[in-house]
Amino acid sequence: MIVQLSQVRCCDGRVDSTQVRDLFLVDGLLADTVPRGSKVDSEYRLPGHVVLPGGIDIHTHIGGGKANLARLLLPSRSVDSAIHQAHSKPWLAPLSCPVPNTWETGRRYIQMGYTTCFEPAMLPAGARHAHAEMRDTPWLDTGGYVLLGNERMLLQWIAQGAPQHQITDYVAWMIRSHAACAVKVVNAGGIDAFKFNQRHLDIDETHPIYEVSPRRILQVLSTAVSELGLAHPLHVHCSNLGKAGNIDSTLATIDALEGRRLHIAHAQYHCYGKDGPHGFSSAAHLLADRVNASNQMTIDVGQVLFGQTITLSADTMHQFENRKRAYPRKTVFQDIECQAGCGALPFRYRQSQYVHSLQWAIGLELFLRINDPRKVFLTTDHPNGGPFTGYPHLIRLLMDYDFRMSIFEQLHPDVQKTSPLPQLKRQYTLDEIATATRSGPAAALGLANRGTLQTGSLADVAVYRIDSDPQSMFSNPTMVFRRGKLVYREGRFLEDSDKTTIVAEMRDRERAEDWSTSKEHQQLWRDRYGYSPSRTAIRRDELLSEGRLVEENQVHAS
(Lines give C-alpha, C1' and ligand atoms only; values in the text may rest on other atoms or scores of the structure.)
Protein backbone atom coordinates (compact mmCIF):
# COMPACT_ATOMS: atom_id res chain seq x y z
CA MET A 1 0.00 0.00 0.00
CA ILE A 2 1.53 3.31 -1.10
CA VAL A 3 0.04 6.70 -0.20
CA GLN A 4 1.37 10.00 -1.55
CA LEU A 5 0.89 13.28 0.33
CA SER A 6 1.63 16.00 -2.19
CA GLN A 7 2.61 19.67 -1.85
CA VAL A 8 2.62 19.55 1.92
CA ARG A 9 4.80 21.16 4.55
CA CYS A 10 6.61 18.70 6.80
CA CYS A 11 7.51 19.40 10.39
CA ASP A 12 8.87 17.16 13.15
CA GLY A 13 11.10 19.53 15.11
CA ARG A 14 14.07 18.35 13.06
CA VAL A 15 12.92 19.11 9.52
CA ASP A 16 12.49 22.74 8.44
CA SER A 17 8.75 23.37 8.69
CA THR A 18 8.80 25.80 5.75
CA GLN A 19 9.86 23.04 3.36
CA VAL A 20 7.15 21.93 0.92
CA ARG A 21 7.57 18.47 -0.58
CA ASP A 22 5.89 15.15 -1.29
CA LEU A 23 5.85 12.47 1.40
CA PHE A 24 5.23 8.79 0.70
CA LEU A 25 3.76 6.20 3.05
CA VAL A 26 5.04 2.87 1.77
CA ASP A 27 3.88 -0.36 3.43
CA GLY A 28 3.57 1.31 6.81
CA LEU A 29 6.84 3.28 6.67
CA LEU A 30 7.81 6.77 5.50
CA ALA A 31 9.76 7.29 2.29
CA ASP A 32 10.94 10.16 0.09
CA THR A 33 10.28 8.34 -3.18
CA VAL A 34 8.19 5.51 -4.59
CA PRO A 35 10.12 2.23 -4.88
CA ARG A 36 11.11 1.38 -8.44
CA GLY A 37 8.40 -0.59 -10.21
CA SER A 38 5.69 0.42 -7.74
CA LYS A 39 2.68 2.66 -8.19
CA VAL A 40 0.86 5.00 -5.85
CA ASP A 41 -2.46 3.61 -4.58
CA SER A 42 -3.82 6.89 -3.18
CA GLU A 43 -2.72 10.49 -3.60
CA TYR A 44 -3.83 13.47 -1.52
CA ARG A 45 -2.93 16.98 -2.67
CA LEU A 46 -2.53 19.10 0.45
CA PRO A 47 -1.44 22.68 -0.24
CA GLY A 48 -2.01 24.80 2.84
CA HIS A 49 -1.45 21.83 5.15
CA VAL A 50 1.35 20.63 7.37
CA VAL A 51 2.27 17.04 8.24
CA LEU A 52 3.54 16.16 11.71
CA PRO A 53 4.42 12.75 13.12
CA GLY A 54 1.78 11.23 15.35
CA GLY A 55 1.74 12.90 18.78
CA ILE A 56 3.36 11.17 21.76
CA ASP A 57 2.01 11.67 25.28
CA ILE A 58 4.80 10.74 27.68
CA HIS A 59 2.66 10.92 30.84
CA THR A 60 -1.09 10.30 30.86
CA HIS A 61 -3.15 8.18 33.26
CA ILE A 62 -5.27 6.05 30.93
CA GLY A 63 -5.10 2.51 32.34
CA GLY A 64 -5.13 0.49 35.54
CA GLY A 65 -7.02 0.32 38.79
CA LYS A 66 -6.76 4.00 39.67
CA ALA A 67 -8.38 4.97 36.36
CA ASN A 68 -11.35 2.74 37.14
CA LEU A 69 -11.62 4.19 40.65
CA ALA A 70 -11.79 7.65 39.06
CA ARG A 71 -14.50 6.51 36.65
CA LEU A 72 -16.55 5.18 39.56
CA LEU A 73 -16.00 8.28 41.68
CA LEU A 74 -16.93 10.83 39.01
CA PRO A 75 -18.91 9.00 36.30
CA SER A 76 -20.20 10.23 32.99
CA ARG A 77 -21.85 13.64 32.97
CA SER A 78 -23.26 13.41 29.43
CA VAL A 79 -25.50 10.39 29.11
CA ASP A 80 -27.18 10.28 25.65
CA SER A 81 -24.46 12.66 24.35
CA ALA A 82 -26.19 15.78 25.66
CA ILE A 83 -22.95 17.75 25.45
CA HIS A 84 -22.17 16.51 21.94
CA GLN A 85 -25.57 17.61 20.68
CA ALA A 86 -24.67 21.18 21.63
CA HIS A 87 -21.62 21.19 19.38
CA SER A 88 -21.45 21.12 15.61
CA LYS A 89 -17.95 19.68 16.07
CA PRO A 90 -18.22 17.01 18.77
CA TRP A 91 -14.44 16.64 19.01
CA LEU A 92 -14.42 20.10 20.61
CA ALA A 93 -16.91 19.07 23.32
CA PRO A 94 -15.76 18.35 26.87
CA LEU A 95 -14.98 14.78 27.82
CA SER A 96 -17.96 12.82 29.13
CA CYS A 97 -16.10 12.56 32.46
CA PRO A 98 -12.57 13.44 33.66
CA VAL A 99 -11.32 9.87 33.09
CA PRO A 100 -13.37 8.54 30.17
CA ASN A 101 -13.66 4.93 29.09
CA THR A 102 -11.10 3.35 26.79
CA TRP A 103 -13.15 3.95 23.63
CA GLU A 104 -13.57 7.66 24.26
CA THR A 105 -9.91 7.99 25.28
CA GLY A 106 -8.63 6.54 22.02
CA ARG A 107 -11.16 8.45 19.96
CA ARG A 108 -10.30 11.82 21.48
CA TYR A 109 -6.55 11.27 21.22
CA ILE A 110 -6.71 10.34 17.53
CA GLN A 111 -8.93 13.40 16.93
CA MET A 112 -5.97 15.54 18.02
CA GLY A 113 -3.42 13.57 15.96
CA TYR A 114 -1.90 11.59 18.85
CA THR A 115 -0.95 7.97 18.17
CA THR A 116 1.23 6.82 21.13
CA CYS A 117 0.55 7.22 24.85
CA PHE A 118 2.27 6.06 28.04
CA GLU A 119 0.65 5.11 31.34
CA PRO A 120 3.15 6.46 33.90
CA ALA A 121 2.27 4.55 37.09
CA MET A 122 1.68 0.86 36.46
CA LEU A 123 1.49 -1.07 39.71
CA PRO A 124 3.20 -4.48 39.40
CA ALA A 125 0.21 -6.29 40.91
CA GLY A 126 -2.11 -4.49 38.47
CA ALA A 127 0.04 -4.56 35.34
CA ARG A 128 -2.07 -7.15 33.51
CA HIS A 129 -5.17 -5.05 34.17
CA ALA A 130 -3.45 -1.88 32.94
CA HIS A 131 -2.28 -3.58 29.74
CA ALA A 132 -5.75 -4.99 29.16
CA GLU A 133 -7.25 -1.50 29.31
CA MET A 134 -4.59 -0.08 27.03
CA ARG A 135 -5.19 -2.93 24.59
CA ASP A 136 -8.86 -1.94 24.50
CA THR A 137 -8.02 1.73 23.79
CA PRO A 138 -8.44 2.09 20.03
CA TRP A 139 -5.93 3.66 17.64
CA LEU A 140 -3.18 4.08 20.25
CA ASP A 141 0.14 2.33 20.74
CA THR A 142 0.90 2.21 24.44
CA GLY A 143 3.48 1.47 27.09
CA GLY A 144 3.65 1.54 30.87
CA TYR A 145 6.17 2.55 33.54
CA VAL A 146 6.40 0.02 36.36
CA LEU A 147 5.95 1.63 39.77
CA LEU A 148 8.86 0.95 42.16
CA GLY A 149 10.35 2.60 45.24
CA ASN A 150 7.70 1.76 47.84
CA GLU A 151 7.41 -2.02 47.70
CA ARG A 152 8.34 -3.62 51.01
CA MET A 153 10.86 -6.14 49.73
CA LEU A 154 12.91 -3.47 47.97
CA LEU A 155 12.85 -1.18 51.01
CA GLN A 156 14.01 -4.03 53.22
CA TRP A 157 16.84 -4.95 50.86
CA ILE A 158 18.08 -1.37 50.65
CA ALA A 159 17.94 -1.04 54.45
CA GLN A 160 19.95 -4.25 54.80
CA GLY A 161 22.60 -3.01 52.39
CA ALA A 162 21.92 -5.53 49.64
CA PRO A 163 24.48 -5.40 46.81
CA GLN A 164 23.55 -3.30 43.80
CA HIS A 165 23.59 -6.28 41.40
CA GLN A 166 20.88 -7.97 43.48
CA ILE A 167 18.64 -4.92 43.19
CA THR A 168 19.44 -4.42 39.50
CA ASP A 169 18.46 -8.04 38.77
CA TYR A 170 15.22 -7.50 40.67
CA VAL A 171 14.45 -4.28 38.75
CA ALA A 172 15.16 -6.09 35.47
CA TRP A 173 12.69 -8.82 36.40
CA MET A 174 10.03 -6.30 37.42
CA ILE A 175 10.38 -4.52 34.07
CA ARG A 176 10.41 -7.66 31.95
CA SER A 177 7.73 -9.61 33.82
CA HIS A 178 5.29 -6.68 33.79
CA ALA A 179 5.93 -5.65 30.17
CA ALA A 180 7.12 -2.17 31.16
CA CYS A 181 9.24 0.27 29.20
CA ALA A 182 10.53 2.43 32.09
CA VAL A 183 10.70 2.76 35.89
CA LYS A 184 8.58 5.26 37.82
CA VAL A 185 9.15 6.37 41.43
CA VAL A 186 6.39 8.16 43.33
CA ASN A 187 7.34 9.92 46.57
CA ALA A 188 10.17 7.45 47.20
CA GLY A 189 9.46 5.61 50.46
CA GLY A 190 6.68 8.06 51.34
CA ILE A 191 3.75 5.94 50.19
CA ASP A 192 4.82 3.13 52.48
CA ALA A 193 5.70 5.52 55.32
CA PHE A 194 2.15 6.87 55.21
CA LYS A 195 0.89 3.38 56.02
CA PHE A 196 2.64 3.80 59.37
CA ASN A 197 0.91 7.17 59.88
CA GLN A 198 3.85 9.33 58.77
CA ARG A 199 2.49 12.42 57.03
CA HIS A 200 5.62 13.61 55.21
CA LEU A 201 9.02 12.23 54.26
CA ASP A 202 11.75 14.63 53.19
CA ILE A 203 14.52 13.37 51.00
CA ASP A 204 16.96 12.73 53.87
CA GLU A 205 14.34 11.65 56.41
CA THR A 206 14.30 8.01 57.46
CA HIS A 207 11.37 5.68 56.92
CA PRO A 208 9.65 4.95 60.29
CA ILE A 209 10.26 1.19 60.02
CA TYR A 210 13.03 0.62 57.50
CA GLU A 211 16.32 2.47 57.91
CA VAL A 212 16.24 3.98 54.47
CA SER A 213 15.76 7.50 53.08
CA PRO A 214 14.24 8.69 49.78
CA ARG A 215 17.72 9.81 48.72
CA ARG A 216 19.04 6.25 49.01
CA ILE A 217 16.04 4.76 47.21
CA LEU A 218 16.50 7.16 44.30
CA GLN A 219 20.22 6.49 44.09
CA VAL A 220 19.80 2.72 44.06
CA LEU A 221 17.03 2.75 41.46
CA SER A 222 18.73 5.28 39.20
CA THR A 223 21.87 3.14 39.30
CA ALA A 224 19.81 0.11 38.29
CA VAL A 225 18.25 2.04 35.39
CA SER A 226 21.73 3.08 34.26
CA GLU A 227 23.19 -0.43 34.54
CA LEU A 228 20.29 -1.88 32.56
CA GLY A 229 20.74 0.75 29.85
CA LEU A 230 17.08 1.74 29.87
CA ALA A 231 16.31 4.31 27.20
CA HIS A 232 14.15 6.40 29.52
CA PRO A 233 15.76 7.72 32.72
CA LEU A 234 14.25 7.22 36.15
CA HIS A 235 10.81 8.88 35.96
CA VAL A 236 10.43 10.68 39.29
CA HIS A 237 7.47 12.12 41.20
CA CYS A 238 9.38 14.05 43.88
CA SER A 239 8.70 14.28 47.61
CA ASN A 240 6.33 16.94 48.99
CA LEU A 241 4.24 17.39 45.86
CA GLY A 242 2.04 20.46 45.99
CA LYS A 243 3.49 21.94 49.18
CA ALA A 244 4.72 25.51 49.53
CA GLY A 245 8.51 25.48 49.57
CA ASN A 246 8.83 22.10 47.88
CA ILE A 247 11.41 23.49 45.45
CA ASP A 248 13.95 22.55 48.13
CA SER A 249 12.92 18.88 47.89
CA THR A 250 13.00 19.03 44.10
CA LEU A 251 16.51 20.51 43.92
CA ALA A 252 17.66 18.02 46.55
CA THR A 253 16.27 15.20 44.40
CA ILE A 254 18.28 16.44 41.43
CA ASP A 255 21.40 16.60 43.59
CA ALA A 256 20.72 13.12 45.00
CA LEU A 257 21.07 11.55 41.57
CA GLU A 258 24.62 12.91 41.35
CA GLY A 259 24.57 13.63 37.62
CA ARG A 260 22.66 10.53 36.55
CA ARG A 261 19.90 10.91 34.01
CA LEU A 262 16.56 12.07 35.43
CA HIS A 263 13.05 12.84 34.26
CA ILE A 264 10.86 14.87 36.64
CA ALA A 265 7.17 14.19 36.17
CA HIS A 266 4.48 16.90 36.33
CA ALA A 267 7.20 19.39 37.34
CA GLN A 268 4.75 22.25 37.81
CA TYR A 269 3.66 20.65 41.09
CA HIS A 270 7.25 20.52 42.33
CA CYS A 271 8.53 24.09 42.04
CA TYR A 272 6.77 26.17 44.69
CA GLY A 273 8.34 28.73 47.02
CA LYS A 274 7.11 30.27 50.27
CA ASP A 275 7.21 33.93 49.31
CA GLY A 276 4.39 36.21 48.18
CA PRO A 277 1.27 37.56 49.85
CA HIS A 278 -0.07 34.09 50.75
CA GLY A 279 3.17 32.26 51.57
CA PHE A 280 2.98 30.42 48.24
CA SER A 281 4.99 31.53 45.22
CA SER A 282 6.60 30.45 41.99
CA ALA A 283 10.09 28.94 42.02
CA ALA A 284 9.90 27.90 38.37
CA HIS A 285 13.01 29.89 37.52
CA LEU A 286 15.12 27.76 39.87
CA LEU A 287 14.04 24.50 38.28
CA ALA A 288 14.28 25.94 34.76
CA ASP A 289 17.85 27.05 35.45
CA ARG A 290 18.78 23.50 36.49
CA VAL A 291 17.18 22.01 33.38
CA ASN A 292 18.85 24.55 31.10
CA ALA A 293 22.25 23.81 32.65
CA SER A 294 21.99 20.02 32.39
CA ASN A 295 22.12 17.58 29.50
CA GLN A 296 20.89 14.79 31.77
CA MET A 297 17.43 16.12 32.66
CA THR A 298 14.01 16.28 31.05
CA ILE A 299 10.63 17.20 32.50
CA ASP A 300 6.98 17.06 31.61
CA VAL A 301 5.06 20.04 32.90
CA GLY A 302 1.70 18.86 34.23
CA GLN A 303 0.03 22.11 33.20
CA VAL A 304 -3.05 23.15 35.20
CA LEU A 305 -6.12 24.05 33.13
CA PHE A 306 -9.17 25.62 34.74
CA GLY A 307 -12.30 23.58 35.30
CA GLN A 308 -13.52 20.33 36.84
CA THR A 309 -11.26 17.29 36.89
CA ILE A 310 -10.28 14.49 39.23
CA THR A 311 -6.86 14.00 40.77
CA LEU A 312 -5.54 10.48 41.15
CA SER A 313 -2.14 9.40 42.30
CA ALA A 314 -0.19 6.61 43.96
CA ASP A 315 0.97 9.32 46.39
CA THR A 316 -1.63 8.55 49.08
CA MET A 317 0.23 10.78 51.53
CA HIS A 318 -0.36 13.85 49.38
CA GLN A 319 -3.90 12.91 48.38
CA PHE A 320 -4.94 12.35 52.01
CA GLU A 321 -3.64 15.79 52.92
CA ASN A 322 -5.81 17.31 50.18
CA ARG A 323 -8.98 15.38 51.04
CA LYS A 324 -10.81 18.44 52.45
CA ARG A 325 -10.25 20.29 49.17
CA ALA A 326 -12.10 17.69 47.14
CA TYR A 327 -14.90 19.04 44.94
CA PRO A 328 -17.39 17.40 45.06
CA ARG A 329 -16.51 16.22 48.57
CA LYS A 330 -15.85 12.52 48.07
CA THR A 331 -12.62 10.54 48.04
CA VAL A 332 -11.19 7.04 47.64
CA PHE A 333 -7.97 5.84 49.27
CA GLN A 334 -6.46 2.41 48.79
CA ASP A 335 -3.36 0.60 50.05
CA ILE A 336 -2.23 -1.90 47.46
CA GLU A 337 -0.35 -5.18 47.90
CA CYS A 338 2.38 -3.62 50.08
CA GLN A 339 3.68 -2.16 46.80
CA ALA A 340 2.18 1.32 46.62
CA GLY A 341 -1.08 3.16 47.25
CA CYS A 342 -3.76 5.20 45.53
CA GLY A 343 -5.80 8.29 46.27
CA ALA A 344 -8.54 9.71 44.05
CA LEU A 345 -10.46 12.91 44.69
CA PRO A 346 -12.45 15.25 42.42
CA PHE A 347 -11.05 18.75 42.05
CA ARG A 348 -12.04 22.02 40.40
CA TYR A 349 -9.39 24.55 39.38
CA ARG A 350 -10.71 28.12 39.55
CA GLN A 351 -9.30 31.30 38.05
CA SER A 352 -10.52 33.23 41.10
CA GLN A 353 -8.46 31.10 43.50
CA TYR A 354 -4.93 32.36 44.21
CA VAL A 355 -3.11 29.01 44.31
CA HIS A 356 -4.90 27.64 41.24
CA SER A 357 -4.13 30.81 39.26
CA LEU A 358 -0.51 30.63 40.34
CA GLN A 359 -0.23 26.97 39.33
CA TRP A 360 -1.52 27.87 35.86
CA ALA A 361 1.13 30.58 35.56
CA ILE A 362 3.94 28.38 36.93
CA GLY A 363 3.37 25.69 34.32
CA LEU A 364 3.60 28.24 31.53
CA GLU A 365 6.72 29.71 33.15
CA LEU A 366 8.44 26.35 32.89
CA PHE A 367 7.56 26.03 29.22
CA LEU A 368 8.80 29.54 28.47
CA ARG A 369 11.94 29.55 30.64
CA ILE A 370 13.37 26.21 29.49
CA ASN A 371 15.23 27.08 26.33
CA ASP A 372 15.38 23.70 24.62
CA PRO A 373 11.98 22.13 23.80
CA ARG A 374 13.72 18.73 23.70
CA LYS A 375 13.85 18.94 27.50
CA VAL A 376 10.27 19.99 28.33
CA PHE A 377 7.24 18.00 27.21
CA LEU A 378 3.61 19.02 26.90
CA THR A 379 1.39 17.27 29.45
CA THR A 380 -1.39 18.09 31.90
CA ASP A 381 -0.64 14.94 33.91
CA HIS A 382 -4.09 13.86 32.73
CA PRO A 383 -6.40 14.08 34.56
CA ASN A 384 -4.59 15.73 37.50
CA GLY A 385 -3.94 19.16 35.99
CA GLY A 386 -6.77 18.87 33.50
CA PRO A 387 -7.92 16.62 30.64
CA PHE A 388 -5.63 15.74 27.74
CA THR A 389 -8.26 17.27 25.44
CA GLY A 390 -6.96 20.65 26.64
CA TYR A 391 -3.72 20.22 24.65
CA PRO A 392 -4.83 22.37 21.68
CA HIS A 393 -5.75 25.16 24.10
CA LEU A 394 -2.38 24.79 25.82
CA ILE A 395 -0.59 24.91 22.48
CA ARG A 396 -2.30 28.22 21.70
CA LEU A 397 -1.24 29.58 25.11
CA LEU A 398 2.37 28.78 24.17
CA MET A 399 2.22 30.11 20.62
CA ASP A 400 0.16 33.28 21.17
CA TYR A 401 1.37 35.85 23.73
CA ASP A 402 -1.71 38.06 23.42
CA PHE A 403 -4.05 35.13 24.00
CA ARG A 404 -1.95 34.07 26.99
CA MET A 405 -2.26 37.55 28.47
CA SER A 406 -6.02 37.63 27.87
CA ILE A 407 -6.33 34.66 30.25
CA PHE A 408 -3.73 36.08 32.64
CA GLU A 409 -5.83 39.23 33.06
CA GLN A 410 -8.64 37.08 34.50
CA LEU A 411 -6.50 35.55 37.25
CA HIS A 412 -6.49 36.33 40.96
CA PRO A 413 -5.28 39.95 41.44
CA ASP A 414 -2.33 38.91 43.64
CA VAL A 415 -1.07 36.60 40.91
CA GLN A 416 -1.32 39.42 38.39
CA LYS A 417 0.76 41.62 40.71
CA THR A 418 3.52 39.14 41.45
CA SER A 419 3.86 36.70 38.53
CA PRO A 420 6.69 37.32 36.03
CA LEU A 421 4.63 35.75 33.24
CA PRO A 422 3.88 39.04 31.39
CA GLN A 423 7.64 39.59 30.97
CA LEU A 424 8.08 36.20 29.29
CA LYS A 425 7.11 37.16 25.74
CA ARG A 426 8.47 34.09 24.01
CA GLN A 427 6.06 32.45 21.58
CA TYR A 428 6.60 28.83 20.60
CA THR A 429 7.09 28.14 16.91
CA LEU A 430 5.45 25.25 15.10
CA ASP A 431 8.83 23.48 15.11
CA GLU A 432 9.07 23.84 18.89
CA ILE A 433 5.55 22.47 19.36
CA ALA A 434 6.49 19.50 17.17
CA THR A 435 9.56 18.94 19.34
CA ALA A 436 7.69 19.17 22.66
CA THR A 437 4.92 16.82 21.49
CA ARG A 438 6.73 14.51 19.05
CA SER A 439 10.48 14.28 18.59
CA GLY A 440 11.36 15.25 22.18
CA PRO A 441 9.29 12.55 23.90
CA ALA A 442 10.39 10.03 21.27
CA ALA A 443 14.06 10.74 22.02
CA ALA A 444 13.49 10.59 25.78
CA LEU A 445 11.83 7.18 25.42
CA GLY A 446 14.26 5.70 22.91
CA LEU A 447 11.68 5.48 20.13
CA ALA A 448 13.87 5.80 17.06
CA ASN A 449 11.04 5.09 14.62
CA ARG A 450 8.51 7.59 16.02
CA GLY A 451 8.29 11.34 16.42
CA THR A 452 10.09 11.88 13.11
CA LEU A 453 9.37 12.12 9.39
CA GLN A 454 12.69 10.62 8.38
CA THR A 455 12.75 7.86 5.78
CA GLY A 456 12.17 4.43 7.29
CA SER A 457 10.22 5.71 10.27
CA LEU A 458 6.78 4.45 11.20
CA ALA A 459 4.08 6.01 9.00
CA ASP A 460 2.08 7.43 11.90
CA VAL A 461 1.33 10.97 10.74
CA ALA A 462 -1.24 13.70 11.27
CA VAL A 463 -2.17 16.25 8.61
CA TYR A 464 -3.31 19.66 9.88
CA ARG A 465 -4.80 22.55 7.93
CA ILE A 466 -2.59 25.59 8.59
CA ASP A 467 -4.54 28.07 10.68
CA SER A 468 -3.66 31.32 12.43
CA ASP A 469 -5.48 29.92 15.49
CA PRO A 470 -3.34 27.03 16.84
CA GLN A 471 -6.18 25.81 19.06
CA SER A 472 -8.46 25.32 16.08
CA MET A 473 -5.64 23.81 14.03
CA PHE A 474 -4.59 21.20 16.58
CA SER A 475 -8.16 20.36 17.63
CA ASN A 476 -9.03 18.62 14.39
CA PRO A 477 -6.48 17.23 11.94
CA THR A 478 -7.63 16.81 8.37
CA MET A 479 -6.31 13.25 8.27
CA VAL A 480 -4.51 10.80 10.55
CA PHE A 481 -2.61 7.78 9.29
CA ARG A 482 -1.56 4.79 11.38
CA ARG A 483 1.14 2.62 9.81
CA GLY A 484 0.26 4.13 6.47
CA LYS A 485 -3.49 3.44 6.72
CA LEU A 486 -5.95 6.33 6.80
CA VAL A 487 -7.86 5.91 10.07
CA TYR A 488 -9.42 9.35 10.55
CA ARG A 489 -10.55 12.05 8.14
CA GLU A 490 -12.47 15.28 8.71
CA GLY A 491 -14.24 14.09 11.86
CA ARG A 492 -14.91 10.55 10.56
CA PHE A 493 -13.35 7.38 11.93
CA LEU A 494 -12.55 4.97 9.13
CA GLU A 495 -11.01 1.94 10.85
CA ASP A 496 -9.08 0.88 13.91
CA SER A 497 -5.39 0.05 13.70
CA ASP A 498 -3.03 -2.60 14.95
CA LYS A 499 -1.83 -1.90 18.47
CA THR A 500 1.74 -2.10 19.70
CA THR A 501 2.87 -2.54 23.28
CA ILE A 502 6.21 -0.83 23.78
CA VAL A 503 8.55 -2.57 26.23
CA ALA A 504 12.08 -1.90 27.41
CA GLU A 505 15.15 -3.37 25.83
CA MET A 506 17.79 -3.98 28.51
CA ARG A 507 21.52 -4.46 28.48
CA ASP A 508 22.88 -7.88 29.54
CA ARG A 509 19.65 -9.06 31.15
CA GLU A 510 18.30 -11.46 28.50
CA ARG A 511 17.21 -13.94 31.18
CA ALA A 512 15.54 -11.42 33.48
CA GLU A 513 12.45 -13.63 33.67
CA ASP A 514 14.48 -16.25 35.56
CA TRP A 515 14.61 -14.14 38.73
CA SER A 516 11.32 -15.62 39.91
CA THR A 517 12.46 -19.22 39.35
CA SER A 518 14.81 -18.99 42.34
CA LYS A 519 13.27 -20.79 45.33
CA GLU A 520 14.74 -18.13 47.61
CA HIS A 521 13.10 -15.32 45.65
CA GLN A 522 9.80 -17.17 45.43
CA GLN A 523 9.72 -17.60 49.20
CA LEU A 524 10.72 -13.98 49.87
CA TRP A 525 7.93 -12.79 47.58
CA ARG A 526 5.32 -15.07 49.13
CA ASP A 527 6.33 -14.03 52.63
CA ARG A 528 6.07 -10.37 51.75
CA TYR A 529 3.05 -10.28 49.41
CA GLY A 530 1.19 -13.53 49.98
CA TYR A 531 1.24 -14.96 46.45
CA SER A 532 3.65 -16.42 43.92
CA PRO A 533 5.73 -13.91 41.89
CA SER A 534 4.70 -15.71 38.71
CA ARG A 535 1.04 -14.97 39.37
CA THR A 536 1.16 -11.43 38.00
CA ALA A 537 4.00 -11.93 35.51
CA ILE A 538 3.14 -11.23 31.87
CA ARG A 539 4.77 -13.35 29.19
CA ARG A 540 5.64 -11.95 25.78
CA ASP A 541 3.53 -14.59 24.07
CA GLU A 542 0.48 -13.41 26.05
CA LEU A 543 0.69 -10.01 24.40
CA LEU A 544 1.20 -11.55 20.97
CA SER A 545 -1.69 -13.98 21.43
CA GLU A 546 -3.99 -11.01 22.08
CA GLY A 547 -3.19 -9.67 18.62
CA ARG A 548 -0.74 -7.03 19.79
CA LEU A 549 2.60 -6.22 18.27
CA VAL A 550 5.50 -5.87 20.70
CA GLU A 551 8.21 -3.29 20.12
CA GLU A 552 11.36 -2.73 22.16
CA ASN A 553 12.73 0.78 22.56
CA GLN A 554 16.45 1.39 22.24
CA VAL A 555 19.08 0.72 24.86
CA HIS A 556 20.60 3.98 26.05
CA ALA A 557 24.16 4.55 24.88
CA SER A 558 26.32 4.96 28.00
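Residues numbered from 1 in each chain as written. Predicted model: local features only at pLDDT ≥ 70, side-chain atom pairs only at ≥ 80, totals over all residues. Heavy atoms only, no water.

This paragraph deals with the overall build of the chain. A count of helices and strands for the chain gives 19 helices and 24 strands. Against the compact-globule benchmark of 24 Å for 558 residues, the chain has a radius of gyration of 23 Å, which places it among compact chains. Each principal axis of the C-alpha atoms in the chain carries an extent, and together these give about 65 × 60 × 50 Å. Split into buried and exposed, the 558 residues of the chain put 63% on the buried side. Excluding contacts between residues fewer than 6 apart, the proportion of contacts in the chain whose partners are at least 24 apart in sequence is 75%. Summed over its atoms, the accessible surface of the chain is roughly 20,200 Å², and 47% of this surface lies on carbon and sulfur atoms. (Helix = DSSP H or I, 4+ residues; strand = E, 2+ residues; numbered from the N terminus. Rg over C-alpha atoms; globule rule 2.2 N^0.38 Å. Buried < 20%, exposed > 50% of the residue type's maximum accessible area, 1.4 Å probe, protein only. Contact = heavy atoms within 4.5 Å. Areas by Shrake-Rupley, 256 points an atom, 1.4 Å probe, with all protein chains shown as cover.)

Below, the discussion takes up the pattern of salt bridges. By the definition in use, this model includes 30 salt bridges. A salt bridge links R450 to D141; the nearest nitrogen and oxygen atoms lie 2.9 Å apart. With a gap of 309 residues between them, R450 in the loop between α16 (430-444) and β19 (461-465) and D141 in strand β8 (residues 141-148) connect regions that are remote in the sequence. Residue R450 is classed as buried on the basis of its relative accessible area of 4%. Judged by its relative accessible area of 0%, D141 is buried. With its nearest N and O atoms 2.8 Å apart, the salt bridge here joins D460 to R482. Taken as a pair, D460 in the loop between α16 and β19 and R482 in strand β20 (residues 479-482) lie far apart in primary sequence, 22 residues in all. Salt bridges linked by common partners bring D141, R450, D460, R482, R483 and E551 together as one network. (Salt bridge = Lys/Arg side-chain N within 4 Å of Asp/Glu carboxyl O.)

Across the chain, the average pLDDT comes to 92, with 96% of residues at 70 or higher. Note on residues 78-86: pLDDT is under 50 here. Beyond four places in sequence and across chains, it has 10 contacts. (pLDDT = per-residue confidence, 0-100.)

The nonpolar side chains of a soluble globular protein tend to be buried with one another. Of all hydrophobic cores here, the largest spans 126 residues; its most connected members are V171, I175 and L287. With nine residues, helix α12 (residues 354-369) is the single largest residue contributor to this core. One finds V3, C10, Y44 and V51 within the second-largest nonpolar core, a separate group that totals 17 residues. (Core = buried A, V, L, I, M, F, W, Y, C linked by side-chain atoms within 4.5 Å.)

What follows covers the sheet that holds strand β17 (residues 340-349). Whether parallel or antiparallel, the strands of a sheet pair through hydrogen bonds between backbone atoms. Strand order in the open sheet made by the three strands is β15-β17-β16, with antiparallel pairing throughout. Both edges of this open sheet fall to β15 (307-313) and β16 (332-336), since each of them pairs with a single strand only. Between one strand axis and the next, the sheet turns by 15 degrees as a mean value, whatever way the strands run. Relative to β17, β15 runs antiparallel, the two sharing seven bridges. Among the inter-strand pairings, I310 is bridged to a residue of β17, identified as P346. Running at roughly 40 degrees to β17, helix α1 (residues 65-73) makes contact with β15, β16 and β17 of the sheet. (Pairing = 2+ DSSP bridges. Axes fitted to C-alpha atoms, helices over the stretch in contact; angles between N-to-C directions.)

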